[in-house]
Structure formats: C-alpha cells, structure tokens
Amino acid sequence: MARRYDPERRQRIIDAAIRVVGRSGLAGLTHRTVAAEADVPLGSTTYHFKSLDDLMVAALRQANEGFAKVIASRGTLENPDTDLASELAAGIGEWLAGDRTGVELECELYLAALRRPALRPVAAEWAQDLADRLTPRTDPVTARALVALLDGICLQVLLTDETYDEEYAREALARIIPSGPRQAP
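Computed from a prediction, not measured in an experiment: that's the story for all the values here. (Residues numbered from 1 in each chain as written. Predicted model: local features only at pLDDT ≥ 70, side-chain atom pairs only at ≥ 80, totals over all residues. Heavy atoms only, no water.)

Observations regarding the overall build of the chain
So, point 1. Regarding its fold elements, the chain presents 9 helices and 0 strands.
So, point 2. Along the chain direction, N to C, the helices and strands of the chain fall in the order α-α-α-α-α-α-α-α-α.
So, point 3. Summarising its shape, the C-alpha atoms of the chain cover approximately 70 × 35 × 30 Å along the three principal directions.
So, point 4. Here the chain holds 185 residues, and the buried ones make up 43% of them.
So, point 5. Excluding contacts between residues fewer than 6 apart, the proportion of contacts in the chain whose partners are at least 24 apart in sequence is 64%.
So, point 6. About 10400 Å² of surface is accessible on the chain, with carbon and sulfur atoms providing 53% of the total.
So, point 7. The average position of the 22 basic charges and that of the 28 acidic charges among the side chains of the chain differ by 8 Å. (Helix = DSSP H or I, 4+ residues; strand = E, 2+ residues; numbered from the N terminus. Buried < 20%, exposed > 50% of the residue type's maximum accessible area, 1.4 Å probe, protein only. Contact = heavy atoms within 4.5 Å. Areas by Shrake-Rupley, 256 points an atom, 1.4 Å probe, with all protein chains shown as cover. Lys, Arg positive; Asp, Glu negative; His and termini not counted. Charge placed at Lys NZ, Arg CZ, Asp CG, Glu CD.)

Digging into the environment of alanine 169
So, point 1. You can see alanine 169 is positioned in helix α9 (residues 166-176).
So, point 2. As a C-alpha pair, alanine 169 and alanine 36 span 133 residues in sequence and 40 Å in three-dimensional space.
So, point 3. Not counting residues up to four positions away in its chain, the partners in contact with alanine 169 are Ala89, Ile153 and Tyr164.

Regarding the environment of isoleucine 153
So, point 1. Residue placement: isoleucine 153 occurs in helix α8 (residues 140-160).
So, point 2. Residues isoleucine 153 and alanine 169 lie 16 residues apart in sequence; the distance between their C-alpha atoms is 7.3 Å.

Observations concerning the state of the cysteines
So, point 1. All told, the structure shown has 0 disulfides when counted by the stated rule.
So, point 2. As a non-bridged cysteine, cysteine 107 has cysteine 154 as the owner of its nearest cysteine sulfur, 6.0 Å distant.
So, point 3. For cysteine 107, a relative accessible area of 11% gives the class buried.
So, point 4. We classify cysteine 154 as buried; its relative accessible area is 5%. (Disulfide = S-S within 2.5 Å.)

A look at the packing of helix α5 (residues 84-97) against α9
So, point 1. With their axes 8 Å apart at the nearest point, α5 and α9 run at an angle of 140° to one another. Here α5 lies oblique to α9, going by the angle between them. Once α5 is placed against α9, the crossing between them reads as right-handed. Counted together, Ala85, Ser86, Leu88, Ala89 and Ala90 of α5 and Glu166, Ala169, Arg170, Leu173 and Ala174 of α9 form the full contact between these two elements.
So, point 2. When its residues are assigned to classes, the contact of α5 with α9 shows 7 nonpolar, 1 polar and 2 charged. (Axes fitted to C-alpha atoms, helices over the stretch in contact; angles between N-to-C directions. Parallel < 35°, antiparallel > 145°, perpendicular 65-115°, else oblique. Left-handed = near helix turned anticlockwise from the far one by under 90°. Nonpolar A, V, L, I, M, F, W, Y, C, P; charged D, E, K, R; others polar.)

Digging into unusual backbone geometry
So, point 1. A positive phi is found at aspartate 39, a non-glycine position, where the angle reads about 60°.
So, point 2. In this fold, aspartate 39 is placed in the loop between α2 (31-38) and α3 (42-48).
So, point 3. On the accessibility criterion, aspartate 39 (69% relative accessible area) is exposed.
So, point 4. Positive phi values are uncommon outside glycine, yet aspartate 161 reaches one of about 60°.
So, point 5. In this structure, aspartate 161 sits in the loop between α8 and α9.
So, point 6. Of the residues examined, aspartate 161 reaches a relative accessible area of 66% and is grouped as exposed.

Some words on helix α6 (residues 100-112)
So, point 1. Compared with an ideal rise of 1.5 Å per residue, which puts 13 residues at 18 Å, α6 spans 18 Å between its outermost C-alpha atoms and is within 8% of the ideal.
So, point 2. All buried positions along α6 are accounted for by Gly102, Val103, Leu105, Glu106, Cys107, Leu109 and Ala112.
So, point 3. Buried-residue contacts for α6 involve α1 (9-24), α4 (52-74), α5, α7 (120-134) and α8. (Expected span 1.5 Å × (residues − 1).)

Quick word on the nonpolar core
So, point 1. The biggest cluster of nonpolar side chains holds 30 residues, and the ones touching the most others in it are Leu88, Ile92, Trp95, Leu96, Leu134 and Tyr164.
So, point 2. Taken together, the elements giving at least two residues each to this core come down to α4, α5, α6, α7, α8 and α9.
So, point 3. Here the element with the most residues in this core is α8; it accounts for 8 residues.
So, point 4. Leave out the neighbours within four places in its chain, and leucine 134 touches Leu77, Leu84, Leu88, Ala143, Leu146 and Val147.
So, point 5. Residues Ile18, Val20, Leu55 and Leu109 belong to the second largest nonpolar core, which totals 28 residues. (Core = buried A, V, L, I, M, F, W, Y, C linked by side-chain atoms within 4.5 Å.)

Pasting the structure below:
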C-alpha cells in the first residue's frame, strides 16, 4: 500500500498533544494518547517526535505563541506614549480571558522545565522574548523584573481560580517601572 502524503500530520499531532495535556495534564501525555487524539497511527507520533520531550518542546513552543500574539495584536507596546503598566495589565487580562486551556498548558509546560531539561531552552526563549520586547521601553533589569511579575500574577490567577484583577496588576507593574525618561543601560 502506498504511503499517503499528509503535510499537516505533524501539526495535527502537536495540536492533539495540547488537547491531551489540557484535558489530562502532562501525566496523560503519551505517544499512544496523542496518536488516538490526532487519529493517526502510533508510528506517526514517534516518526515526527522521537521522544515525549521533543513533542513537549513543540507543544510549548506553540503554546508560547499565545501571549506573544495577544501583545502583538494590541500593537501598542512599542508606542512610547502608551502607559506600559496599563498595556501589560490589559494584555495579561486579554490573554487570561481567552482560551484557558492554552494558558494552563503554557504554564504547565513552563513549570515542567524544572524536571525536564529539554524544555528549559524553550521556557527561557519565552521569557527572553518578552524581556526583549520590553527593553526598548525600559532597561534590561526592569524588563526581566516585569516578566517575573507577569509570570507570578498569571500563576496566582491560575492556581487560586481568583478573578484576574487588572487594576492590581497595573499598580504592581507600575511600581517596578521607573518614572521619567528611560536611562541608558
């Protein structure tokens, strides 16, 4: 029997992995559960992703795009006249109000990097990318502090099932952002 060409199969496997983790957590992620979810033969998952870590890296990379897309779609982060604290607080609010499964998955995979070294570079990429986006508006140390605070706020909302408090986030972010003109590093 001839092999059927399926250029979307790899992406379907990643999407299926995200759904499996969203439903069952990382403990439920196996090549077998992903193959069943993607409706592909088991061999397809191991062909495209030699290990579960490889599959998790692809899923985390895709999940990381969620917050970046929210920030990019708002299009105001680069504007020096935009209140940075308000913009970041609103962006987090928009992200948390979206698909909760994607947000939870991103956080779960991000924290999984503690035990899975293969995930660490991808988790670090997300933090560095956001810090790089913030550095034109502030200095590198403040940008990293803002990323850490955003991480903490998101985790608190997800872990406590509390409603996101945009005003609290804005105030906390504003306390970190220096007032006045940006100082050269």
